[in-house]
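Coordinates in review
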Amino acid sequence: MAFLPVSWRFVYISKWSKSINLIHSGCSRWINTGRKLVFDNNQVELDLKYYTDFKKIIKLKKLELKDGHTCFRVPCKLCVHNSLGDKWAFVNKTTGNFVCPNCDVKVPLLQAKNSYEREKPFIDCNVAINNLYKTTCNVITQVPTSVCDGLQIKGLKTVDFEILEAGYDPIIQALQFPLKNVSRRVVGEKIFYLENGIEETHQNQNISGILIYEQGSNQRAVVVTNLLDFLVLIAHRIDTHSIVCLPYGLKTLPQECLPALEKFKELILWFKCDSLDWDAAKTFSKKLDEKRCFLIRPTDTEPNPFEAQRKRLSIRHILQKATPVKHKSITTFNSLRSDILSELQNIEKVNGVKWTRFPSLNKILKGHRKGELTIITGPTGSGKTTFMSEYSLDLALQGVATLWGSFEIRNARLASTLLRQFVGYSLEKKLHEFDHWATEFEKYPMYFMTFHGQQPLKMVLEAIEHAHYVHDISHVIIDNLQFMMGISSTYRNDKFWEQDNIIASFRSLATKHNLHVTLVMHPRKEREEDDLTTSSIFGSAKASQEADNILIIQDKRLTSVKGKKYLQIVKNRYSGDLGIMPLEFNKDALSYAFSGQKKRKEKGQARDTNEDAEENS
């Protein structure tokens, strides 16, 4: 895409660019890095625990409560200067998350409950309103006509940018769009770099802003994931729908954004023409309330808006083809036709996310796909956790949001291993580099459950479901399954039945929420000289039956002089391909991926040295 050079004659300072900085965390290309690295299940449980009590207090105080699609709205009683009760707060009906967009604060539900119960506000609304988000841009000018024309979007006018209160930074040559919450407060910004088309999102710690273009009081909206699609729909003057651009694209839809979408009775999710966007659309529709969501199928005849404009397709005609999210238990072949066509047209993306560190896995497993259950096993001390940490790191670096449930190893040690694999060497003797690499690592969507030791299955499942809803987790790792056994009173006398119940629960979780669940399991005690097989997995045959993929680490170093360690794929339901992947360990990087590359590099350097010596002689 080519963008025209820009010149300007006057400077236009937007009314929000001079605002005072309240809280501004560092941002990456796609997401706010102020997020917590550790997923704290304790606060989640408290919010859910006090949810019913909070609603009872609202009714007892005879306060107005308006029930919505994803939240219910109540007068904000946290603000000192809100005696009229005309400021609204929102409570998420799934998580109990309490947000006051007027003050732009997020507090635990217990704290909000106590404030309502005792009628003691603790936030000065006037002070909060004065503390607005401060832009990261250098100079903000009015968007010139040349920039508008350079976007190559027919019908787009500079007045559209004025309506959005968008500006232009001539120093970095980027467009800037303010992100607002439901109270119309600016809480962040979206930056679009004209040179390469890259988008960045910057927000405060409450991540509650969203970009909406609306004229009138439309109760229907079209939801897109990027700014070019957003601007194309604006240029087509669709009077019947508002236009919404998600702040973080496909990566995540923060629950704090949901109140801004409550006013819409119908949402059309129009994402790109591939299976990854299709999966995200179905996931987001569950968070937004499936009853009001419509989807545009990702096919070549119904591409995303920018591509549709390039192919001169009718935007309005494609919108009319939006279909409602069907009943989750009933479907027909006619409903599946578009899905089948989409898979055939995007077969590589249907295969899943490719590993960059383990190309051999791509050849056998084809990729990492949502909705599957993977079991990995191997002898004690064979490196299951170390391999899985690098396996998950590889995917997280490509944007696969991952939740670790490490019951055997403490989170600090696991995170240290991940950081070392990320950097490629130990930081023990280079502590001055720690802050830099830790900051870089925090940019990627990796979360950790705070459980340690034996945990009830119910608590673990609730934590996963909450993380999926709040952080859009798509990959869950349980290390290891045996730590959830032995506490259930129902199956206290039968460990096999208990394990079957746990595996069935995770299988159901993967299917219901379209998650990829990886279970680390110990094998039965076998003779050291024998290879492990699917029947070596501890418990009954249900584990091997339910799993889509089974990976076994075979370690022959102690039973043979030339013994090797390798990963064996013994089950692959997707393609049926089986095989092995050699595992050579690089101790400095705690890596199974770079040891072979390092040896090849050393051999190449040695060969070059020998050739130079021969030439000199």
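Described in the following lines is the structure provided in the data block. On a predicted model such as this, the values are computed, not experimentally measured, just so you know.

Quick notes on the rules
Residues numbered from 1 in each chain as written. Predicted model: local features only at pLDDT ≥ 70, side-chain atom pairs only at ≥ 80, totals over all residues. Heavy atoms only, no water. Helix = DSSP H or I, 4+ residues; strand = E, 2+ residues; numbered from the N terminus. Core = buried A, V, L, I, M, F, W, Y, C linked by side-chain atoms within 4.5 Å. Buried < 20%, exposed > 50% of the residue type's maximum accessible area, 1.4 Å probe, protein only. Phe/Tyr/Trp six-rings, centres within 6.5 Å; stacked < 30°, edge-to-face > 60°. Salt bridge = Lys/Arg side-chain N within 4 Å of Asp/Glu carboxyl O.

Some words on unusual backbone geometry
The omega torsion of the bond from Asp-479 to Asn-480 falls at -5°, within 30 degrees of zero and hence cis. Even without glycine at this site, Gln-152 takes up a positive phi of about 60°. Mapped onto the fold, Gln-152 is located in the loop between α5 (145-150) and α6 (158-163). Even without glycine at this site, Leu-590 takes up a positive phi of about 50°.

Concerning the nonpolar core
Counting 39 residues, the largest nonpolar core has Phe-161, Leu-175, Phe-177 and Phe-230 as its most contacted members. The dominant element in this core, judged by the number of residues it contributes, is helix α7 (residues 227-235), at eight residues.

Details of the packing of aromatic side chains
Scanning all chains against the criterion turns up 16 aromatic pairs. Note on Phe-585 and Tyr-592: the rings are 5.1 Å apart at their centroids and 50° apart in plane angle, and the pair reads as tilted. Residue class for Phe-585 comes out partly exposed when judged on its relative accessible area of 40%. Among the residues examined, Tyr-592 registers a relative accessible area of 7% and is labelled buried.

Remarks on the pattern of salt bridges
Following the criterion strictly, the structure yields 20 salt bridges and no others. Residues Lys-180 and Glu-165 are paired through a salt bridge, measuring 3.0 Å at the closest nitrogen-oxygen approach. Residue Lys-180 is located in strand β8 (residues 174-180), and its partner Glu-165 is located in the loop between α6 and β7 (167-169); the two are separated by 15 residues in the primary sequence. Here Arg-357 and Glu-390 are joined by a salt bridge, their closest N and O atoms 3.1 Å apart. Here Arg-357 is found in the loop between α12 (347-350) and α13 (359-365), whereas its partner Glu-390 is found in helix α14 (residues 384-396), with 33 residues between them in sequence. Glu-390 carries the same exposure label as Arg-357, and that label is buried. Among the ionic contacts, a cluster of salt bridges with common partners joins Arg-507, Asp-548 and Arg-573.

What is shown is where atoms sit, not what they do.
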